[in-house]
Amino acid sequence: MKEICVKKIPCCGCPEMDTCTLEKSENLLKELFTRYGNYNKEMSDKTIRIYEQHPEKLHTEKDILHYFDKAQKDIEQLERVILQLKAYENALTERYNFIKTAPTKQKIKLYREKRWKDKVYYYILFYSVNLTDGHEELMQSIKYTGKERRKAIEDFEKLQKERTGVIFEKDIKRAKWER
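Note that the structure is a prediction, hence the values are computed from the model and not measured. (Residues numbered from 1 in each chain as written. Predicted model: local features only at pLDDT ≥ 70, side-chain atom pairs only at ≥ 80, totals over all residues. Heavy atoms only, no water.)

Examining the nonpolar core
Defined as follows: Side-chain atoms within 4.5 Å are what join buried Ala, Val, Leu, Ile, Met, Phe, Trp, Tyr and Cys residues into a set we call a nonpolar core. For every residue, the accessible area (1.4 Å probe, protein chains only) is compared with the maximum for its type, and the residue is labelled buried under 20%, exposed over 50%, or partly exposed between those bounds. Every helix listed is a DSSP run of H or I at least four residues long, and every strand listed is a run of E at least two residues long, numbered separately from the N terminus. Note on contacts: a residue pair is in contact if any heavy atoms of the two residues lie within 4.5 Å.
Within the largest apolar cluster, 13 residues are counted, with the highest numbers of intra-cluster contacts made by Ile108, Leu110, Tyr122 and Ile124. At the level of secondary structure, the elements contributing two or more residues to this core comprise β3 (104–114), β4 (120–130) and α3 (149–162). Apart from the residues within four sequence positions on either side, Leu110 is in contact with Tyr123, Ile124, Ala152, Ile153, Phe156, Glu169, Lys170, Asp171 and Ile172. Counting five residues, the second largest nonpolar core, distinct from the first, contains Tyr121, Tyr123, Tyr127 and Val129.

Comments concerning the sheet that holds strand β5 (residues 136–145)
Put simply, the rule is: Strands pair, by our definition, only if DSSP identifies at least two bridges between them. The convention used is that axes are lines fitted to C-alpha atoms, helices contributing only their stretch in contact, and that angles between N-to-C directions extend from 0 to 180 degrees.
If you walk across this open sheet you meet the four strands as β5-β4-β3-β6, and the pairing is mixed. With one partner strand each, in any of the chains shown, β5 and β6 (167–171) form the two edges of the open sheet. Across the sheet, the axes of successive neighbouring strands diverge by a mean angle of 15°, strand direction being ignored. In this sheet, β6 lies alongside β3 in parallel orientation, the contact comprising five bridges. From the neighbouring strand, Lys107 faces β6, where its bridge partner is Ile167.

Details of the packing of aromatic side chains
Definition in use: Any pair of Phe, Tyr and Trp rings, taking the six-membered ring for Trp, is counted once the centres come within 6.5 Å. Such a pair is stacked with planes under 30 degrees apart, edge-to-face with planes over 60 apart, and tilted for the rest. Here, a charge over a ring is recorded when the distance from Lys NZ or Arg CZ to the ring centre is within 6 Å and its angle to the ring normal is within 35 degrees.
Counted by the stated rule, this structure contains two aromatic pairs. Arranged with centres 5.7 Å apart and planes meeting at 50°, the rings of Phe33 and Tyr88 form a pair that is tilted. In this pair, Phe33 sits in the loop between α1 (22–32) and β1 (34–35) while Tyr88 sits in helix α2 (residues 61–101), placing the two residues 55 residues apart along the sequence. Looking at Phe33, the relative accessible area reads 14%, which means it is buried. Residue class for Tyr88 comes out partly exposed when judged on its relative accessible area of 32%. Taking the centre distance of 5.8 Å and the plane angle of 85° together, the rings of Phe156 and Phe168 count as edge-to-face. Of this pair, Phe156 sits in helix α3 while Phe168 is found in strand β6, placing the two residues twelve residues apart along the sequence. For Phe156, a relative accessible area of 1% puts it in the buried group. A residue is classified by how much of its surface remains accessible, and Phe168, at 24% relative accessible area, is partly exposed. The positively charged end of Lys107 is found above the aromatic ring belonging to Tyr127, 5.5 Å away from the centroid.

Re the pattern of salt bridges
For clarity, the threshold we go by: Only one rule defines a salt bridge in this text: a Lys or Arg side-chain nitrogen within 4 Å of an Asp or Glu carboxyl oxygen.
For the structure shown, the criterion picks out eight salt bridges. When the shortest N-O distance is used, the salt bridge between Asp74 and Lys70 registers 3.8 Å. Here the residue Asp74 and the residue Lys70 both occupy positions in helix α2, the gap between them amounting to four residues, near one helical turn. A salt bridge links Asp155 to Lys151; its shortest N-O distance comes to 3.2 Å. One end of the pair is Asp155 and the other is Lys151, both in helix α3 and four residues apart, which spans about a single turn. A relative accessible area of 44% means that Lys151 is categorised as partly exposed. Residues joined in a network through salt bridges with shared partners are Lys107, Lys109, Glu136 and Glu169.

Next up, the structure:
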């Protein structure tokens, strides 16, 4: 992944579209994530279909000119999507730099899980928490059966004593539907 300064956006080199400015890049990114006229921050799903007739099957001047114009419009559409994807790549690079430089803290959680008609399990979950946006990424988990409840609690308490500067969370109460 290429690392760049957050303020600088690499130029795509297109002389007709000024994607080097932050505003143009953001507009192209919004265009990529617009569906049915509404911008959303979920998923972009673009499908480009190109239907062309083989040149030997065209017999009139009118048909040839029609498909020539159609090919030019398809090329323009593809170039526009390429610009959108370059703006998307710039946004990904910016997000990558944000994630790499954001402060994080470790979180350890003792969690009890019981599924319907299933046994009880205890988990010690190790997270890396991004302190800027609060996103938690699961790094490791240790699974204990219900019979190993005491060992899970002892291991969790041992971790609390050993590690400083870590967020600890304990969630081992029975759910309301279990009572």
